[in-house]
Amino acid sequence: QDFPPISTATSTRRGKAMEQETNWALLDKLECAVHDGRPRKVREEAKLGLLQSIYRQMDLRKTGQISKQDLGSLLRKVDPTITTQRVTALLKKISYDGDDVVTFDEFVQFYTKFEEEGRMNDEQADLVKATFRAWDMDQSGKLSKREFFSVMKSLNRSMTDTKITLLYTAMDRDHDGKISYDEWIDFMFKPDA
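Read on for a plain summary of the structure.

What counts, and where the lines are drawn
Residues numbered from 1 in each chain as written. Predicted model: local features only at pLDDT ≥ 70, side-chain atom pairs only at ≥ 80, totals over all residues. Heavy atoms only, no water. Helix = DSSP H or I, 4+ residues; strand = E, 2+ residues; numbered from the N terminus. Contact = heavy atoms within 4.5 Å. Phe/Tyr/Trp six-rings, centres within 6.5 Å; stacked < 30°, edge-to-face > 60°. Buried < 20%, exposed > 50% of the residue type's maximum accessible area, 1.4 Å probe, protein only. Polar contact = N/O pair within 3.5 Å; in protein donor to acceptor, adjacent residues only side chain to side chain.

### Some details on the environment of Leu-71
- On the secondary structure map, Leu-71 appears in helix H3 (residues 68–75).
- Sequence separation between Leu-71 and Val-87 is 16 residues; the distance between their C-alpha atoms is 7.0 Å.
- Leave out the neighbours within four places in its chain, and Leu-71 touches Met-58, Ile-66, Val-87, Leu-90, Leu-91, Ile-94 and Leu-127.

### Some words on the packing of aromatic side chains
- Per the counting criterion, the structure on display carries 7 aromatic pairs.
- Centroid distance Tyr-55 to Phe-107: 5.4 Å. Interplanar angle 55°. Geometry classified as tilted. With Tyr-55 in helix H2 (residues 40–58) and Phe-107 in helix H5 (residues 104–117), this residue pair connects regions lying 52 residues apart in the sequence. Like Tyr-55, the residue Phe-107 is buried in the burial classification.

### Details of the environment of Asp-186
- Position of Asp-186 among the secondary structure elements: in helix H9 (residues 181–189).
- The class of Asp-186 is partly exposed, set by a relative accessible area of 22%.

### Regarding the side chain of Gln-57
- Considering the arrangement of structural elements, one finds Gln-57 in helix H2.
- For Gln-57, the side chain forms a polar contact with the side chain of Trp-135, separated by 2.3 Å.
- In this structure, Gln-57 is in contact with Thr-131, Ala-134, Trp-135 and Leu-155, ignoring residues within four places of it in sequence.

So this is what it looks like as structure tokens:
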């Protein structure tokens, strides 16, 4: 049986529909992974991408390292009265080789120490709050998809839209379209979340 030729418009619509189906399939796959125990590899890849973005945000001078000034600027978003001595003390805790800058490896080690210890210390809590507040551009207490995409795209160009969407979906545990501070903490620090 002969069928009429498919027009270009029909072909384009089918291509877009297939692309959207593929994106939904990826989202479904990630959502299942997240809710069914979240395989460690998926979680670690997403977390590393997020940590890279956070690190780049903190590297205000774009040197590839976080200086004491960079760290102080971020922490002052949470506590404008934070002293230089406290910033210096935190820098010493993060920078395990004793210099006055934080490398990405040191940053990851500091950020992930919570999982190993089972609790977050005051320095980690301050850093997490400062990061969340810096990303929360409208100061609503939640990250909208627009805020999340804006920061991720500007700080981590290697993250594709699909990866950012998957990460956002994994973090938005209550599916309200926004990431709360508690959801941020759960994703970043609770292995069973």
